[in-house]
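Structural description and commentary
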Amino acid sequence: MTANKSGAFPTMMALKSNPQNKHHRAGSNGNFNNNNRKHNIPAPSAPSRAVTTGSYVQQTGVTQAPGHQNQYTNSNNNDDASPAVNLSPKLRNNGKNVVANHNGAFPTSTNGNMPRSASRNQLSGSVRNSAVSSNTPQFARKRTDGSQANTSAMLDGDDHNTVHSYNTFAHNNSNNSVGGFVSTPSNSSLSSRSKSNTVSSATALSASDLMDSVKMKGIAKRKRKEYSKDARLFGVRKVVDDLNKAIGPEKRKAAINQACIEFSHNDDSKHNAELYLGAASVLCLVLSMSDNDEEVQHITAALEMVYRADREAVIFSYHDVGAALVPLLLRLLERCERGRKTLAEASISNISKILLHMTRISELRIPLVGHQGMLDALERVSTLPLSVENRVLRMRLLANLANSEGNKVLIFERPSLLEATMKIATLDKSESAREYASAVLMDLASSTDNQVAMAQMNKVLATFVKLAVVEDKVETREYAVSGLQNLAFEKQNRMQLVSYGSGVVLEALKKTLSSDSNDKIRRRSAGALTNLACDETAERMGYHEGLLQTLAQVSVSDGNKDVQQRATLALTKLANSVTIEMGSWATLLDALITASRCPVADGIVSAMFRVKSRSEENRMSMATHPRLLETLAQFCLQTQDVDGQKAAHKDGENATKAIAHLVNDPQNHKLICNKHILAALVHGASLVGPTGVVTRDASILALERMAMDHSNRPMMARYPGMLVTIAGATEREMNEELKGIPASSVTGQPRLAKPLLMSLLVAM
């Protein structure tokens, strides 16, 4: 649309006939968000003077209702991430990708490392190892981790295993946490509408479908006709008509003031009617013809009010007048910032809120970024002396735009905008501004196109570390941790993250995992460490002071079961890559012994003992390690107290097979023949029923190998219950043989009980 020399748009017909902005970028819409929820947006700055209309005198500012709560999905919360860290993903979820993906996934080298936005949050990787695949318990859901994992276990879980993304609807002023984020009441006109404005995902229309419905089926026309006959909307129609007819300055001023009075309410349906009746169009026209700062302030306040409408009405209005309105607002924003007058600050606030209302609609985020001057306006946030409120609004606007998958690369590829975001994140005095800046960085890190480049930027890593460790606000810390998890999703980033700053990333994650008060942050810290663990990083991570011990301790003592599970997974994945040649081998065995007490490990710790005992070079070291044999014996004996629990039987099976592997080394025969191991094997050999077949045969095999050392036989023969148990096994094998049942059709093991019994009887 072409403006005259004064920047005005002279006629309504010109406004209507102007084609839509042609240079809007096409791209996928952000899918981490609940697009039907609204932001709690502060009230527009009110005009400074009272307006008198007949006998009614009212301040033209907007009265505000208590704020409503917006939730973070997680993506993921399911959470791992979105969430975005989809922290949302805010943190992803629905941000889209891990973190976060801010509910988070742990990528793998065996499966494509494509982050998915959380519901953004998520990317998970599978944990696989041929040596463990058949022996490791299966967790229920997401793949968790990176390359070469130690087990086929999969965490049942949320965003911590995923790429996290910011959920825009969760970014409200908050100081509590519900699922990680809780919004406190705020003075927003959007607050009372959380129920009426929510449209189910099953029925919500996409932007293109909606516009097809509006244009092709005449929905907009019918609504205008309906609203034009509604007596309750007489005041709205009159205000729109007066604005359209106002020619002189005085009439225009009176019409604008009356509009501020008429539009100042919290009724969603009425705001919808205002948009369908053309309030935004006529206000845009009047705004284009005004050079008076006070008028600009009042008009933008009125525009902010009408854009509190529902999603469909805002989309319709954007397609109707957005091509003219958005460029006009961006020009006025720059003019106000240059003027720096008292009224300019209020106009800047109003314009920011109008754009923020638009960006809450995910389908509009990509076309909004396509407007010339939008990203320039966002860059100026770190250099202009804006008020705290306006800096926060500007960062919220950027956070919403960054939550769209189609915008992430575009925003990241503007170095000055990324620099401005990091400056706000680390130096701004406003806690909320730092929170939204952290969400922006997390969302950018959820894009697979950005991850490698971001991981190479030391300033980005330093920003995430600082925010994760020193910030007081829960949401800010969560976005930072989710951002690190997102970057760790990409395999080639892992060594860079582990080695950066002599391990400061590992130290930050260790600290948040062990001491952060928020469950989601601890869970995502464990997810980030799981992502980082692989063959290339195992030695550095194993050497990092206190890391293995922290993972083990958290797996046992953390108050949240999800955190315990994820810490155990991180430890076992790292253990899979640690070898006996590494200096952290003994520390690893200590950590696994501690983690053996984890109540929700579901067999992955015992499976790791079994895997490590398969290697001949490990057997002597493991058999002589303090408390390791006692731990294996305890795994075997715990089935006595938890009869029927599948995880306990799996632990017993893994531990018995680990003992059988260890005793296969002749040097260990004497070491392993002790009361703890004998008690475990006697118990295992006496099991009955199909669930105990594998454990029973492994126990007989371990006893047979132990008896190969003649000096062990007298002690074994005299151990309470030994001969009775072996005699029972002999009888069972003989009955199977008489019935023609093949030798151990389940395990393929030959019948060993009879020769074992004979050797023990001879020893007596």
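Residues numbered from 1 in each chain as written. Predicted model: local features only at pLDDT ≥ 70, side-chain atom pairs only at ≥ 80, totals over all residues. Heavy atoms only, no water.

Counted according to the given criterion, the structure contains 30 salt bridges. Between Arg-308 and Glu-304 there is a salt bridge, with the nearest N and O atoms lying 2.9 Å from each other. In this structure, Lys-520 engages Glu-478 in a salt bridge whose closest nitrogen and oxygen atoms are separated by 3.3 Å. Taken as a pair, Lys-520 in helix 22 (residues 519–532) and Glu-478 in helix 19 (residues 474–489) lie far apart in primary sequence, 42 residues in all. Of the two residues, Lys-520 and Glu-478, both sit in the buried class. Several salt bridges converge on common partners, so that one network encompasses Asp-291, Asp-293 and Arg-335. (Salt bridge = Lys/Arg side-chain N within 4 Å of Asp/Glu carboxyl O. Helix = DSSP H or I, 4+ residues; strand = E, 2+ residues; numbered from the N terminus. Buried < 20%, exposed > 50% of the residue type's maximum accessible area, 1.4 Å probe, protein only.)

For helix 14 (residues 405–412), the buried fraction is high: six of the eight residues fall into the buried class. Listing the buried residues of helix 14 in full gives Glu-405, Gly-406, Asn-407, Lys-408, Ile-411 and Phe-412. Buried residues along helix 14 sit in contact with helix 11 (365–369), helix 12 (374–379), helix 13 (388–402), helix 15 (415–427), helix 16 (431–445) and helix 17 (448–455). (Contact = heavy atoms within 4.5 Å.)

What follows covers a nonpolar patch on the surface. Together, Met-758, Leu-761 and Met-764 make up an exposed nonpolar region whose accessible area comes to about 310 Å². Within the secondary structure, Met-764 is located in the segment after helix 36 (753–763). Residue classification places Met-764 among the exposed positions, given a relative accessible area of 52%. (Patch = residues over 30% accessible without salt bridge, like charges linked within 9 Å, V, L, I, M, F, W, Y side chains within 5 Å. Areas by Shrake-Rupley, 256 points an atom, 1.4 Å probe, with all protein chains shown as cover.)

Looking at helix 28 (residues 616–624), one finds that the buried residues are Asn-618, Arg-619, Met-622 and Ala-623. Down the axis of helix 28, the smallest arc covering the buried residues is 125°, so these residues share one side. In this structure, the buried residues of helix 28 make contact with helix 26 (585–595), helix 27 (604–613), helix 29 (628–637), helix 30 (646–662) and helix 31 (669–672). (Arc of directions from axis to C-beta.)

Moving on, we come to the packing of helix 33 (residues 693–706) against helix 35 (residues 722–738). Helix-helix packing is characterised by the crossing angle of the two axes and by the distance between the axes. Helix 35 packs onto helix 33 with a crossing angle of 120° between their chain directions and a minimal axis gap of 12 Å. Considering the angle they form, helix 33 stands oblique to helix 35. Where helix 33 crosses over helix 35, the handedness of that crossing is left-handed. The residues of helix 35 that touch helix 33, namely those facing Arg-696, Ile-700 and Leu-703, are Met-722, Ile-726, Ala-729 and Arg-732. (Axes fitted to C-alpha atoms, helices over the stretch in contact; angles between N-to-C directions. Parallel < 35°, antiparallel > 145°, perpendicular 65-115°, else oblique. Left-handed = near helix turned anticlockwise from the far one by under 90°.)

We now examine the side chain of Thr-730. Tracing the backbone through its elements, the reader meets Thr-730 in helix 35. Residue Thr-730 is classed as buried on the basis of its relative accessible area, which comes to 7%. In contact with Thr-730, not counting residues within four places along its chain, are Ala-753, Lys-754 and Leu-757.

Right, let's talk about the nonpolar core for a bit. One recurring pattern in soluble globular proteins: nonpolar side chains tend to sit buried together. Ranked by internal contacts, the top residues of the largest apolar core, which has 181 residues, are Phe-263, Tyr-307 and Leu-529. The dominant element in this core, judged by the number of residues it contributes, is helix 9 (residues 311–339), at 15 residues. With residues up to four places along the chain from it excluded, the contact list for Phe-263 reads Val-236, Val-239, His-271, Glu-274, Ala-279, Leu-283, Ala-302, Met-305 and Val-306. (Core = buried A, V, L, I, M, F, W, Y, C linked by side-chain atoms within 4.5 Å.)

With respect to the element layout, Gln-749 can be found in the loop between helix 35 and helix 36. What makes Gln-749 buried here is its relative accessible area of 12%.

Time to look at the layout of surface pockets. Estimates place the volume of the largest pocket at around 370 Å³. Secondary-structure elements contributing two or more residues to the lining of the largest pocket are helix 29 and helix 30. Per-element accounting of the lining of the largest pocket gives the leading share, four residues, to helix 29. For the lining of the largest pocket, a count of residues per class yields 10 nonpolar, six polar and five charged. (1 Å grid on protein atoms, 1.4 Å probe; cavity = no way out; pocket = protein on both sides within 12 Å on 5 of 7 lines; lining within 4 Å. Points joined across faces, edges and corners; volume = space filled by probe spheres on them. Nonpolar A, V, L, I, M, F, W, Y, C, P; charged D, E, K, R; others polar.)

The next point concerns the packing of aromatic side chains. Here the structure, examined in full by the defined rule, presents three aromatic pairs. Here the aromatic rings of Tyr-276 and Phe-316 are separated by 5.0 Å at their centres, their planes lie at 25°, and the arrangement is stacked. Here Phe-316 lies in helix 9 and Tyr-276 lies in helix 6 (residues 268–276), a separation of 40 residues in the sequence. Phe-316 matches Tyr-276 in its accessibility class, with the two residues each being buried. Through a chain of ring-to-ring contacts, three or more aromatic side chains come together here, namely Tyr-227, Tyr-276 and Phe-316. (Phe/Tyr/Trp six-rings, centres within 6.5 Å; stacked < 30°, edge-to-face > 60°.)

Attention now moves to the confidence of the model for the protein. Summary statistics for the protein give a mean pLDDT of 76 and a share of 69% for residues scoring 70 or more. Overall, residues 1–163 carries pLDDT values under 50, and its contacts beyond four positions in sequence, including any with other chains, amount to 935 contacts. The model gives residues 166–205 a pLDDT under 50, and that stretch makes 176 contacts with residues more than four places away or in other chains. (pLDDT = per-residue confidence, 0-100.)

Further remarks concern the packing of helix 16 against helix 17. Remark: helix 16 packs on helix 17, axes separated minimally by 7 Å, with the N-to-C direction vectors making an angle of 110°. If you check the angle between helix 16 and helix 17, you find them roughly perpendicular. On helix 17, the residues touching Leu-441, Leu-444 and Ala-445 of helix 16 are Asn-450, Gln-451 and Met-454. Tallied by class, the residues present in the contact of helix 16 with helix 17 amount to four nonpolar, two polar and no charged.

For the rest of this paragraph, the subject is unusual backbone geometry. Positive phi outside glycine occurs at Asp-602, with the angle close to 55°. Residue placement: Asp-602 occurs in the loop between helix 26 and helix 27. Classification of Asp-602 by relative accessible area gives partly exposed; the value is 31%.

Once that is clear, we can look at the environment of Gly-339. Assignment of secondary structure puts Gly-339 in helix 9. Using a relative accessible area of 38% as the deciding quantity, one classes Gly-339 as partly exposed. In this structure the C-alpha to C-alpha distance between Gly-339 and Asp-293, which are 46 residues apart in sequence, comes to 9.9 Å.

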